[in-house]
Amino acid sequence: MGRKLTLDEGCAPATVSRRGGSVSGALILHRTFRNSVFRWVSHHPMSSLRILVIVAAAILQAARAAELPALRVRAQTIDPAIQIGYGLAIADVDGDRKDDVLLADAKQIVWYRAPNWEKFVMAENLTPKDNVCIAARDLDGDGKAEVAVGAEWNPADTVNSGAVFLLDAPADRTKRWTPRKLPHEPTTHRMHFVRGAERSYSLVVLPLHGRGNKNGEGEGVQVLGYEWPWRQNSRPEPLISNLPPLHLTHNFDLVQGTGQGAQSVETLLLATKEGVRSIDAPANRAVPPPVTSINAGEVRRGALPGGTRFVTTIEPMHGNELVVYRASTTQYSSGDDWTTRRTVLDDKLVQGHGLATGDLLGTGGDQIVAGWRGGPGGAKVGIKLYVPADAHGEAWKMHALVDDNTMACEDLKVADLNGDGRLDIIAAGRATKNVIIYWNETEGAAAPKKK
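Keep in mind the model is a prediction, meaning the values are calculated, not measured.

(A) Summary view of the overall build of the chain. In terms of regular secondary structure, the chain is built from 2 helices and 29 strands. By residue count, 52% of the 451 residues in the chain fall in the buried class. Counting only carbon and sulfur atoms, one obtains 52% of the accessible surface of the chain, whose full area is about 20000 Å².

Listed below in structure tokens is the structure:
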């Protein structure tokens, strides 16, 4: 089902909280070639050779400049004592133009205020069972995030479980927020605020199972859209047809629009038992076209420096494989099945559960960050960074070990939290019960912030 890469193809640990490092093979080659050529030319002082040497040196210098920098991160634990850390969100909660970190923990919904990461409880004990997900985004343009959460998490109950709440902010956002309960499908699991036409927004909620499912089989999931603002007479609307049925819809990713008007409408990529599916959120009851056909639990989109799109997944749900699928065009909805362009990056994850894409190294294209939470038997946990090894994304390699056994990753995000142009990694750990920011201090990686 595609080329498999071994982890010794270019793997290296990230440099954490210290400077220094070894001289790279490319640098050794550069110096050796340069010194040898210049020694030879000193005995053969012909003009043409001097020109040749200048050209060769320029080529080697360009090759050296193109070498990927070593990832340097500084880990900062902002909470050492959470319960589970089901879901993270990044948004400006209080309107100070600094992104904050939000967390759906088992019994509390909390936020950590930048830049000192003071913790505030927004809501607590919303339902008898655990919270499970959170969405946060500024929807009305006031610079402050609106927040929604999912709760009453019980995947074994496909009839009566689940809950969806909007949290209404108080004047002082460090105080408790007021929950408004909305209609819902069973097994509420993931949510996003999604932009539609004319800059309207809706809350899209993804359940894990279809109503009445057993063992991941039965009726298809019902993805619901909730208009915003939500009014007393509002009702959620189905966004996709449940025929053919989709099952085990474990996660989804938001694909931003590319322009103005209709081109600003955001779409979604769903990770399902049947593979990755693409849906246009405003298109009610559309049949989601297939992108891949292999069981996926996590999905994120990305782009190579030349603009070619790719989709990365963890397969199957809570699985061991990190996979990349390459598009045949620069579009995500190219209309064909990408499964024939499949590459396995890693098959040693233990309950892979965190996934993100972004340009952490300043290359002009996206890299992949993957985290796993481990399982019984004392398996190590952590986070890794993967990079494309060619211009077409046909080969990839592990570039850095970001976290070595201190983060049992339940969820992770990438965002520039301090405005230095570098994407940082934010992760929440289930068994390790912590929230960590991995500050990106990679030399030369800073890039202009995207609008």
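There is more to say after this.
(B) Structural view of the sheet that holds strand β8 (residues 133–137). Strand order in this open sheet of 4 strands is β8-β9-β10-β11, and the pairing throughout is antiparallel. For this open sheet the edge positions go to β8 and β11 (178–182), each flanked by a neighbour on one side alone. With direction set aside, neighbouring strand axes in the sheet form an average angle of 25°. Two elements, strand β10 (residues 163–168) and β11, share 5 bridges in a ladder whose sense is antiparallel. Each bridged residue has a counterpart across the sheet, and for Phe165 the counterpart in β11 is Lys181.

(C) Fine view of the packing of aromatic side chains. Under the defined criterion, the tally for this structure stands at 4 aromatic pairs. For the ring pair Trp117 and Trp439, a centre distance of 6.2 Å and an interplane angle of 45° mean the geometry is tilted. Residue Trp117 is found in the loop between β6 (108–113) and β7 (118–124), and its partner Trp439 is found in strand β29 (residues 434–440); the two are separated by 322 residues along the sequence. There is no split in this pair, since Trp117 and Trp439 are both buried. Ring centres of Phe310 and Trp396 lie 5.2 Å apart, and the angle between their planes is 70°; this geometry places the pair in the edge-to-face category. Residue Phe310 is found in strand β20 (residues 309–315), and its partner Trp396 is found in strand β26 (residues 396–404); the two are separated by 86 residues along the sequence.

(D) Broad picture of the sheet that holds strand β16 (residues 251–255). The strand order across the open sheet formed by 3 strands is β16-β17-β18, and the pairing between neighbours is antiparallel. Strand pairing shows two members of the sheet lacking a second neighbour, β16 and β18 (275–280), which therefore form its edges. Put simply, the sheet's adjacent strands are angled 25° from each other on average, direction ignored. Sheet topology note: the strand β17 (residues 267–272)/β18 ladder contains 6 bridges and is antiparallel. Bridging from a neighbouring strand, Ala271 pairs with Val276 of β18.

(E) Local environment of the environment of Tyr86. With respect to the helices and strands, Tyr86 occurs in the loop between β3 (72–79) and β4 (87–91). You can call Tyr86 buried: its relative accessible area is 7%. It is 5.3 Å that separates the C-alpha atoms of Tyr86 and Val132, two residues lying 46 residues apart in sequence. Here the side chain of Tyr86 touches Asp130 through a polar contact of 2.7 Å, side chain to side chain.

Parameters and conventions
Residues numbered from 1 in each chain as written. Predicted model: local features only at pLDDT ≥ 70, side-chain atom pairs only at ≥ 80, totals over all residues. Heavy atoms only, no water. Helix = DSSP H or I, 4+ residues; strand = E, 2+ residues; numbered from the N terminus. Buried < 20%, exposed > 50% of the residue type's maximum accessible area, 1.4 Å probe, protein only. Areas by Shrake-Rupley, 256 points an atom, 1.4 Å probe, with all protein chains shown as cover. Pairing = 2+ DSSP bridges. Axes fitted to C-alpha atoms, helices over the stretch in contact; angles between N-to-C directions. Phe/Tyr/Trp six-rings, centres within 6.5 Å; stacked < 30°, edge-to-face > 60°. Polar contact = N/O pair within 3.5 Å; in protein donor to acceptor, adjacent residues only side chain to side chain.

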